[in-house]
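Each chain, letter by letter, is given below.
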Amino acid sequence: MANLLLRHVYKVYAGVGKAKKNAKGESKKRSGDFVAVKDFNMEINDGEFIVFVGPSGCGKSTTLRMIAGLEEISGGELYIDDQLVNDVDAKDRDIAMVFQSYALYPHLTAYDNIAFGLKMRKIPTPKLDKQGEQIIAIDNKKIAEINKKLKKLRKQNESLAKDIEKCNSAAEPNESDRAYYTEKKALLEKRIESAERELEHYQNTPVPLYNYVHMSKQEIDEKVKWAADILGIEELLDSKPAEMSGGQRQRIALGRAMVRGPKVFLLDEPLSNLDAKLRTAMRAEIVKLHNQLKTTFIYVTHDQIEAMTMGTRIVVMKLGVIQQIDTPTNLFDYPENKFVAGFIGTPQMNFFEVDIKRESDNLNVTFKDGQSVRLALSELRTIQDEYLDGNSHSVYLGVRGENVKLDESGIKATLSIKEVLGNTTQLFLRLEEKGSDFIVSVPERNDLMPGDAVNIKFMEKFVHLFDKETELSIMSREYGNK
Ligand code: ATP
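Owing to the predicted nature of the structure, the values given are computational and were not obtained by experimental measurement. (Residues numbered from 1 in each chain as written. Predicted model: local features only at pLDDT ≥ 70, side-chain atom pairs only at ≥ 80, totals over all residues. Heavy atoms only, no water.)

Caption draft 1: Structural view of the side chain of T109. Among the structural elements, T109 can be located in the loop between β6 (95-99) and α2 (110-120). Relative accessible area serves as the criterion here: at 19%, T109 is assigned to the buried category. When sequence neighbours within four positions are dropped, the list of residues in contact with T109 reads L237, D238, S239 and K240. (Helix = DSSP H or I, 4+ residues; strand = E, 2+ residues; numbered from the N terminus. Buried < 20%, exposed > 50% of the residue type's maximum accessible area, 1.4 Å probe, protein only. Contact = heavy atoms within 4.5 Å.)

Below, the structure is given as structure tokens:
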């Protein structure tokens, strides 16, 4: 069990190849740099089920890999249980990772796949003196480890100092390069300071010593059987991966992670290779597993339904930047920007470019095709004052298909396509002439045909408004405008 803290975490992939120089000999190293994760800040509490979600390339896997220690953190700090772990090796972070590809050994049985990590691993057991008491002394092994780490950090620091020196001595110094190297050096110096403090502590403080020994066969067997029991895979233990279905293989991969008893489980799109039905079943199983183990889970997916059904909190990302961190229902009810509003929910939220203007107790909304509706301000969520000053403001109006109803007194639209889904009917509508397309989901069946005119009304309680420029929500979570 663990809590995590990510502070101003960045991932910058350096441009391909070594530093390029132009005719004047200036360093061009930064031109190809790519910021995959930008200023990621988050506190994760013990036992939470966090989901990172966002479109392909938004930086969710990179963030997960930085937490795992599989990817170096370019800037910022990562703490696990209050310990700064930027420089702690992946194997020492007490984290287990489950991948989309399962990563099982094909020549080993399920049992041996699950047991593999345990057989390799050495676990700390108290180092005892002749009286059977645990020895408390200066830990020379730990001191050597920290010294090794410090040597590596100081070497990186020297190389950065040379980069800065090069920038300074160039005929026309490149300011952005210099700022970049200087910032990187400042962060590195912080890490060196922290390692030096750690070294001083271990040099001066006797600590309990441990021997690192392999687990006994019996201990390993107990752990494998425990995981197999929870995952319901006892019958598979003698099978090899090739004889198993995708879902069964993913269970073995989960078992392998479980037996390590990690502080944190990291799962990177673990269900992507499964068919739709199995995905739904495994989704529920992973949630059940989390409830049983009560360990911190961090789960990466691009599928918003997976995120909504599994996460206690969800992190929505876009182009390396966090868009919103919230509970599933808050993301759905109170998206903080247009991107989140459009990403969460199926079918996607409808957006209209409109002009809004306060007229006494109503908000007058004018659509691009000239039609307008009056929404009662008392029924809408509170709108920021500056948009209620009596002038006209261009905004996006967002509304979900299920929050629109057919109503004779509403605005006029034309039906393009009708899809009867059984429990609901989806109407693909278009506002007249140059208006936009949108989807309305109604519970009732009807005789409407493509080309028919329909009148619709928005349910005020569920109307969202976003600034046209910033695309940020201009509404609070409360109701009742003054
Ligand atoms: P996906 O769901 O497609 O895996 P993602 O949100 O997990 O997407 P990441 O894998 O974290 O995205 O990648 C974020 C960005 O960083 C992408 O634009 C990717 O091309 C880039 N990237 C990832 N690894 C590297 C690398 N080793 N070198 C350069 N760029 C990289």
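Caption draft 2: Spotlight on the site of the ligand. Inspection of the region around the ligand gives Y13, F34, A36, P55, S56, G57, C58, G59, K60, S61, T62 and E269 as its neighbouring residues. The separation between an oxygen atom of the ligand and a polar side-chain atom of K60 is 2.9 Å. Coverage of the ligand by the protein chains reaches 58% of its 640 Å² of free accessible surface. Elements supplying a minimum of two residues to the shell around the ligand: β2 (34-44) and α1 (60-68). Considering every element that reaches the shell around the ligand, the biggest residue donor is α1, with 3 residues. (Near = heavy atom within 4 Å. Polar contact = N/O pair within 3.5 Å; in protein donor to acceptor, adjacent residues only side chain to side chain. Areas by Shrake-Rupley, 256 points an atom, 1.4 Å probe, with all protein chains shown as cover.)

Caption draft 3: Region of interest: the sheet that holds strand β15 (residues 350-359). Reading across the sheet, the 5 strands line up as β17-β16-β15-β19-β24 and stay open at both edges, with antiparallel pairing between neighbours. Two strands lie at the open edges of the sheet, namely β17 (372-376) and β24 (464-467), each paired on one side alone. Adjacent strand axes in the sheet meet at a mean angle of 40 degrees, parallel and antiparallel pairs treated alike. With 7 bridges joining them, β15 and strand β19 (residues 393-399) adopt antiparallel strand pairing. The residue bridging D355 from the neighbouring strand is S394, located in β19. (Pairing = 2+ DSSP bridges. Axes fitted to C-alpha atoms, helices over the stretch in contact; angles between N-to-C directions.)

Geometry only, nothing functional implied.
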